[in-house]
Amino acid sequence: MEHLGSTRPTSSEAQARSKPWLARYQHVRATMEALCEPLEHEDYVIQSMPDVSPPKWHLAHVSWFFEAFLLKPYLSGYTPLDPAFDYLFNSYYETHGEPFPRPKRGLMSRPSVEDVQRFRAHVDEAMTRLLSAPPPEQLDELLTRLELGLHHEQQHQELLVMDIKHILAQNPLHPVYAPNAAPASSIPAPALEWVRFPEGVRQIGRMPGDGFTFDCETPRHRVYQHGFELANRPVTNAEYMAFMADGGYQRTELWLTEGFHGLDQQPQHAPLYWVCRDGQWHHMTLGGLTPVDPEAPVCHISFFEADAYARWAGCRLPTEAEWEIAAQDAPVDGQFMDAGHYQPRAQPVNGTFSQLFGGVWEWTGSAFRPYPGFTPLPGTLGEYNGKFMANQMVLRGGCCATPEGHIRESYRNFFPTSARWPFTGVRLARDA
């Protein structure tokens, strides 16, 4: 997060400070639209389950954010394209107004895709005017909200990719989003090795001034950590197949009760998108239906599946503190959205770990709860993370649909225990 001085800048100084932010805004917005280019018109309106949002809705919602939190407060004379959009595309901000019900987003045939595209253009034109001549006396808060809005849109870029995959996976024709979206691994998975970390007092969380930070990553605080070991790479598809072949889905001793009972709702005992054809496992990818790559990290498994696999392997899931301690000196390189490959692949070890960042989001054994001393953002933006701090588990590291530059070692993602449509995998841990 950029920290500005307390002295109010002049108009020319404010324009100079906001100019690079305009270029960044335009880049992020163009990326979102590029992700939609392979879609057919009909793809934009489907909601394949309550947790999935239609692509049309994603495009409108991120535009609503800029309209609600930047244009209306800071651009003098701004006129909304349609006042009804403030209700239709508000996601969950109860203090801003009554949001349209999430499970019913797929029922909105109107406004049309063209209407949403006009809304985006309307917001982009107004944001260009705002950032070309920002109000100097409000520059601090304006840039703070802008940066949050850009990271919010990047989050929705990842969600958009995940949701497109789930939407296309419901189609028996197995449509291809992009021909090169899911190439097989070009190298074997590295040999599984263990990296040891001694016990001691460590610090986790984000420090003010270290760059952009979501409020839930703060404050930085001390933890006492017992000695532990973390696997140098994620669990592979081949290893997960061995768990399946050993009756992993039938062995109650491996499962938490809620997870085992939930297996009755799965069409088959395998990761999401897997289907057995002529004795061989295939899976739906954004490159169509392809054979499962045995060397790649296993993907689209729930917290319960990750936990059961870890028990089967004689290990456990890492805590989020363990994961962050291991990641603090690791390079943030891996397979991200920018490469255009929306399926994890085997990657070599770089230094100590392989794919600690990118590839798959890695389940931890930690509940998404506030850190000691946590303070949410003031006002409506305080709802951004704080209201979800119940019944969610933390995931770390990013995935193949995460924009590069959006992830860091302190980033706390979170999903319900049963979630499988995100790019979720598992890295093993054990006590030292």
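Right, let's walk through the structure included here. (Residues numbered from 1 in each chain as written. Predicted model: local features only at pLDDT ≥ 70, side-chain atom pairs only at ≥ 80, totals over all residues. Heavy atoms only, no water.)

**What to know about the sheet that holds strand 6 (residues 280-285)**
Condition: One requirement defines pairing of two strands: DSSP has to find at least two bridges between them. A helix here means a DSSP run of H or I that spans at least four residues, while a strand means a run of E at least two residues long, and both kinds are numbered starting from the N terminus. For helices, the fitted line uses only the C-alpha atoms of the stretch in contact; every axis is such a line through C-alpha atoms, and the angle between N-to-C directions lies from 0 to 180 degrees.
Taken in spatial order, the 3 strands make up an open sheet running 5-6-7, and their pairing is antiparallel. Looking at the sheet topology across the chains shown, the edges are occupied by strand 5 (274-277) and strand 7 (288-291). Averaged over all adjacent pairs, the angle separating strand axes in this sheet is 35°, with direction ignored. With 4 bridges connecting them, strand 6 and strand 7 associate as antiparallel partners. Opposite His283, over in strand 7, you have Thr290 as the bridge partner.

**Topic: the nonpolar core**
Put simply, the test is: Throughout this description, the term nonpolar core refers to a set of buried Ala, Val, Leu, Ile, Met, Phe, Trp, Tyr and Cys residues connected via side-chain atoms within 4.5 Å. Classification of residues uses two cut-offs on accessible area relative to the type maximum, computed with a 1.4 Å probe and protein chains only: under 20% is buried, over 50% is exposed, and between them is partly exposed. Throughout, a residue-residue contact means that at least one pair of heavy atoms, one from each residue, lies within 4.5 Å.
Formed by 123 residues in total, the largest nonpolar core has its most connected members in Phe89, Met127, Leu146, Tyr177 and Phe243. Each residue touching Met127, except ones within four places of it in the same chain, is listed here: Tyr25, Phe66, Leu70, Leu71 and Leu146.

**Describing the packing of helix 1 (residues 11-36) against helix 4 (residues 113-132)**
In plain terms, the rule: In what follows, roughly perpendicular refers to angles from 65 to 115 degrees, roughly parallel to angles under 35, roughly antiparallel to angles over 145, and oblique to any angle outside these ranges. It is the rotation of the near helix from the far one that decides the hand of a crossing: anticlockwise by less than a right angle makes it left-handed, clockwise makes it right-handed. Residue polarity is assigned by list, with Asp, Glu, Lys and Arg as charged and Ala, Val, Leu, Ile, Met, Phe, Trp, Tyr, Cys and Pro as nonpolar; anything else, Gly included, falls into the polar class.
At a closest axis distance of 8 Å, the pairing of helix 1 and helix 4 adopts a crossing angle of 165°. It follows from the interaxial angle that helix 1 and helix 4 lie roughly antiparallel. You can see that helix 1 and helix 4 cross each other, and the crossing is left-handed. Contacts from Gln15, Ser18, Trp21, Leu22, Tyr25, Gln26, Arg29, Met32 and Glu33 of helix 1 reach helix 4 at Arg120, Val123, Asp124, Met127, Thr128, Leu131 and Ser132. Taken together, the residues of the contact of helix 1 with helix 4 break down into 7 nonpolar, 5 polar and 4 charged.

**Here's the deal with the packing of helix 1 against helix 5 (residues 139-169)**
Their axes nearest at 10 Å, the elements helix 1 and helix 5 cross at an angle of 10°. Judged on the interaxial angle alone, helix 5 and helix 1 are roughly parallel. Of the residues contributing to the contact of helix 1 with helix 5, the split by class is 14 nonpolar, 5 polar and 5 charged.

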